[in-house]
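The primary structure of each chain is shown beneath.
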Amino acid sequence: MKKNPFNMHVNLDAFIPATAEDKEYIVQMRESSTFFRDGVKRLLKNKVATVSLIVVVLITLSAIFVPMFWPYAYDQQLGITPGKPVDPSYANLSPFEFGSTEEARIEAGEKIFPHIFGTDSAGRDYFIRVIYGARISLTVGFFASIIVLIIGLLIGSISGYVGGKVDMFIMRIVDIIYSLPDMLMVILLAAMLGDPIEKLVAGTTLEKIGSNIISLFVVFALLYWVSMSRLIRGQILSLREQEYVLASKATGAKGSWVIRKHLIPNCISVVIISTALQIPSAIFTESYLSFLGLGVNAPMPSLGSLASDALNGMSSYPYRLVIPAIVISLIVLSLNLFGDGLRDAFDPKLNN
Amino acid sequence: MNTKTLLYIGKRILLMILTVWIVITVTFFVTRAVPGGPFMGEKAISPAAQAALEAKYGLDKPVFEQYITYLTDIVTKFDFGPSLKQRGRMVIDIIMDGMETSAVLGVTAAFIALGIGVVLGAVAALRRNKLIDRIIMVITTAFVSMPSFIMGSLLLLTFSLWLGWFPANGNAEGGLVLPIVTLALYPTAYITRLTRSSMLDVLGQDYIRTARAKGVSGTKIIFGHALKNSLIPVITYFGPMLAYIVTGSLVVEKIFAVPGVGRDFVNSITSRDYPLIMGTTIVLAALIVIMNLVGDILYKVVDPRINLE
């Protein structure tokens, strides 16, 4: 029916109830995004952080898996065969060179896995030593941060939650440890704790790790928890006073609900970020101590001790210094950049 | 200087004394906890000689008495006892000898870092997101992530072995150049980043806009308003920088064979010269703690807006 445009009558067709199809069309079918998913999205948009993450993952994977199939072991002196005199041709090989017996086997038509970075002065394959060094550095960094996290979390949350005299007492201790020159104390304790710990762990499975590494962990546990616990205490103190916590309590929420739904989700990102940033600093400390000869026990390599050993033959074998130097700088740099990226992505309150 | 500031300074000095005391105590008892005592690991000596040695160094007395003696000697006479391995020399003399070289190293590095860092940071901030800013940021990021021992070793490799510009030994003429550069690189990079970010912060402030609106010239704004205010955070880095230079000098002096306190410290650890380990730890720790205090007080004095705790 033709409709007069000036007719004031309402068009009844426009008021028919929508069909199911229409409804489906109108409703936006998008999943609700969580905080975590948002953060990951932001992180992946950050090119620097993504590249650093890839570098870290690559180094970690090769540190874990390469020793499994590599034909040489980190402490295997290739020139030494039981019952024969030491073969000096294996010491100080240049990259892709072979020792005398290996050359003979190659001429006989065998295929020998190349020494990609050559060998060191004791005739050990240098590539696998660098990989092992990276393994040690990453392990120490990771576990040291976990130790710091656990102790800091425990003491910080007690301090923040209990408050009062306990809080004051803990915070005075934190102040004092904070004002101690950490590196000097680390060196002193690492140097002094080595012997007693060696006696303590002799015969146990811990002996394999080496007394110096254990004393390093002890030092971390003693000294480095303070900044973490300060951070967590501050978070808890400020979160407790937030209006939404008050609102939640006013509507009848129990303490456990407040902790689960408000306190933990709100401080978890800060905690994760500072743990992530703790890893490179722990790696830094470990390599520094190993360089001074206070780190891993020989023949276990660490990137620091490899660099320190390479100093002696530096003029003839500069690559032995450059390789661990590059690896450790790469690890520390990419972990730092990734930690920064994490902070930008997961700390929405930070708007720099 | 109002009473609040004075109270703050007093509190900090008390904390400083407490810290130094704790360092002395920890150092003492940790060293004594080592099994076998200071003479372990030497060639086998007869029990009589062992007893004589222990009597000479006062090790036969109860530990607590030794501790009191040690503490009073340090407080009243700066006496850290004799060195065990360098016969006939007092620990304090060894430290003072090394300190001359180390001080030259550290102070020069600190001044270089401050000078270059502030200039580079200001340039980067004023040319924000331009090519020069990008270059400065990339280089400083790399330097901040490179451990000092790696930096030192690579500099040694490049400039003394390959190019031959500087001697590898710290004793030789011009031998201190590379150690100073090594020590200065990290603080320079750090100060550059610090100055850049605080300068950007200051440039966005209202009073800068006001100054611009009033027609103050660009140079005058930068030097009269922006730079001065953006240097305040740099002052807070004073203490940490010194701590870095002190710990950094340990490895740097090892790499370049510089006859300073750092090398003494490292050598004393490997040779288990306990009095020297204790003495060096205490002196260096006290130095760091005092410098931290000076930095913090300067910070509060320079910027009256900062509330005390």
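Residues numbered from 1 in each chain as written. Chains lettered and ligands numbered in written order. Predicted model: local features only at pLDDT ≥ 70, side-chain atom pairs only at ≥ 80, totals over all residues. Heavy atoms only, no water.

Engineer: So what's going on with a nonpolar patch on the surface? Residues and values would help.
Structural biologist: Residues and elements named next belong to chain A. On the surface, Val 57, Leu 61, Ile 64, Phe 65, Met 68 and Phe 69 cluster together into a nonpolar patch covering about 600 Å² of accessible area. For Leu 61, the position within the fold is in helix H3 (residues 47–69). Of the residues examined, Leu 61 reaches a relative accessible area of 41% and is grouped as partly exposed. (Patch = residues over 30% accessible without salt bridge, like charges linked within 9 Å, V, L, I, M, F, W, Y side chains within 5 Å. Areas by Shrake-Rupley, 256 points an atom, 1.4 Å probe, with all protein chains shown as cover. Salt bridge = Lys/Arg side-chain N within 4 Å of Asp/Glu carboxyl O. Helix = DSSP H or I, 4+ residues; strand = E, 2+ residues; numbered from the N terminus. Buried < 20%, exposed > 50% of the residue type's maximum accessible area, 1.4 Å probe, protein only.)

Engineer: How would you sum up the interface of chain B and chain A? Please name residues and give values.
Structural biologist: Counting residues at the interface gives 41 residues for chain B and 37 residues for chain A. There are one residue pair in polar contact (both at pLDDT 80 or more) connecting chain B and chain A. Secondary structure elements with two or more residues in the side of chain B that touches chain A: helix H1 (3–33), helix H6 (148–162), helix H11 (238–256), helix H12 (261–270) and helix H13 (274–302) of chain B. It is H6(B) that contributes the most residues to the side of chain B that touches chain A, nine residues altogether. For the side of chain B that touches chain A, the class distribution of residues is 29 nonpolar, 10 polar and two charged. (Contact = heavy atoms within 4.5 Å. Polar contact = N/O pair within 3.5 Å; in protein donor to acceptor, adjacent residues only side chain to side chain. Nonpolar A, V, L, I, M, F, W, Y, C, P; charged D, E, K, R; others polar.)

Engineer: Lay out the environment of B:Arg196 in plain terms, naming residues and giving numbers.
Structural biologist: Residues and elements named next belong to chain B. Within the fold, Arg 196 resides in helix H7 (residues 177–203). Once the C-alpha coordinates of Arg 196 and Ala 257 are considered, the two residues, 61 residues apart in sequence, prove to be 35 Å apart. In this structure, Arg 196 is in contact with Gly 121, Ala 124, Ala 125, Arg 128, Asp 133 and Met 137, ignoring residues within four places of it in sequence. One polar contact links Arg 196 to Asp 133, side chain to side chain, over a distance of 2.8 Å.

Engineer: Provide a residue-level description of the domain arrangement of chain A, including the pertinent values.
Structural biologist: Residues and elements named next belong to chain A. What the domain assignment reports for chain A is domain 1 (77–123) and domain 2 (126–350). Put simply, the middle of domain 1 and the middle of domain 2, counted by C-alpha atoms, are 40 Å apart. Tallying the contact residues gives 10 residues for domain 1 and eight residues for domain 2. Summed over both sides, the interface of domain 1 with domain 2 buries roughly 740 Å², with 62% coming from carbon and sulfur. (Domains from an automatic or database assignment. Buried area = accessible area lost by both parts, 1.4 Å probe.)

Engineer: Please give an account of the environment of B:Arg89 that cites residues and values.
Structural biologist: All names here are of chain B. Secondary-structure assignment places Arg 89 in the loop between helix H3 (63–77) and helix H4 (91–126). C-alpha of Arg 89 to C-alpha of Thr 188: the two residues are 99 residues apart in sequence and 37 Å apart in space. A distance of 2.6 Å separates polar atoms of two side chains, one belonging to Arg 89 and the other to Asp 97.

Engineer: I'd love a proper account of the nonpolar core, names of residues and values included.
Structural biologist: By size, the foremost hydrophobic cluster in this structure holds 151 residues, and its most contacted members are A:Ile187, A:Leu223 and A:Ile331. When residues of this core are sorted by domain, at least three fall in each of domain 1 (77–123) and domain 2 (126–350) of chain A. Look past the residues within four positions of A:Ile187 in its chain and what remains in contact with it is A:Tyr288, A:Leu289, A:Leu292, A:Leu294, B:Leu250, B:Phe265 and B:Ile269. Of all hydrophobic cores here, the second largest spans eight residues; its members include A:Ile273, A:Ala276, A:Ala345 and A:Phe346. (Core = buried A, V, L, I, M, F, W, Y, C linked by side-chain atoms within 4.5 Å.)

Engineer: Can you break down the pattern of salt bridges residue by residue, with the values?
Structural biologist: Across all of its chains, the model carries eight salt bridges over all chains by this definition. Across the salt bridge formed by A:Asp167 and A:Arg233, the nearest N and O atoms sit 2.6 Å from each other. You can see A:Asp167 sitting in helix H6 (residues 164–179) and its partner A:Arg233 sitting in helix H9 (residues 225–240), a full 66 residues away along the chain. Judged by relative accessible area, A:Asp167 falls into the buried class, the value being 10%. Between B:Asp133 and B:Arg196 there is a salt bridge, with its nearest N and O atoms 2.8 Å apart.

Engineer: I'd love a proper account of empty space enclosed by the protein, names of residues and values included.
Structural biologist: If you walk through the whole model with that rule in mind, you get one cavity of 30 Å³ or more. One number sums up the size of the largest cavity: a volume of about 40 Å³. Here the lining of the largest cavity is composed, by residue class, of four nonpolar, one polar and no charged. (1 Å grid on protein atoms, 1.4 Å probe; cavity = no way out; pocket = protein on both sides within 12 Å on 5 of 7 lines; lining within 4 Å. Points joined across faces, edges and corners; volume = space filled by probe spheres on them.)

Engineer: Quick one: what's the story with the packing of aromatic side chains, residue by residue and with numbers?
Structural biologist: This structure, assessed with the given rule, holds 12 aromatic pairs over all chains. Relative to A:Phe143, the ring of A:Phe142 lies with its centre 5.6 Å away and its plane at 80 degrees, an arrangement referred to as edge-to-face. For the ring pair B:Tyr186 and B:Tyr244, a centre distance of 4.6 Å and an interplane angle of 25 degrees mean the geometry is stacked. Of the two residues, B:Tyr186 is situated in helix H7 and B:Tyr244 in helix H11; the sequence distance between them amounts to 58 residues. (Phe/Tyr/Trp six-rings, centres within 6.5 Å; stacked < 30°, edge-to-face > 60°.)

Engineer: Can you explain H3(B)? Please cite residues and give values.
Structural biologist: All names here are of chain B. For H3, which comprises 15 residues, the first-to-last C-alpha distance of 21 Å matches the rise-based estimate of 21 Å (1.5 Å per residue) to within 8%. Residues of H3 that are buried include every one of Gln 66, Tyr 67, Tyr 70, Leu 71 and Ile 74, and no others. Looking down the long axis of H3, one finds its buried residues gathered within 130 degrees of arc, a one-sided arrangement. Away from the buried face of H3 by more than 90 degrees, exposed residues Phe 64, Thr 76 and Lys 77 are located. Along its buried surface, H3 packs onto H1 and H13. (Expected span 1.5 Å × (residues − 1). Arc of directions from axis to C-beta.)

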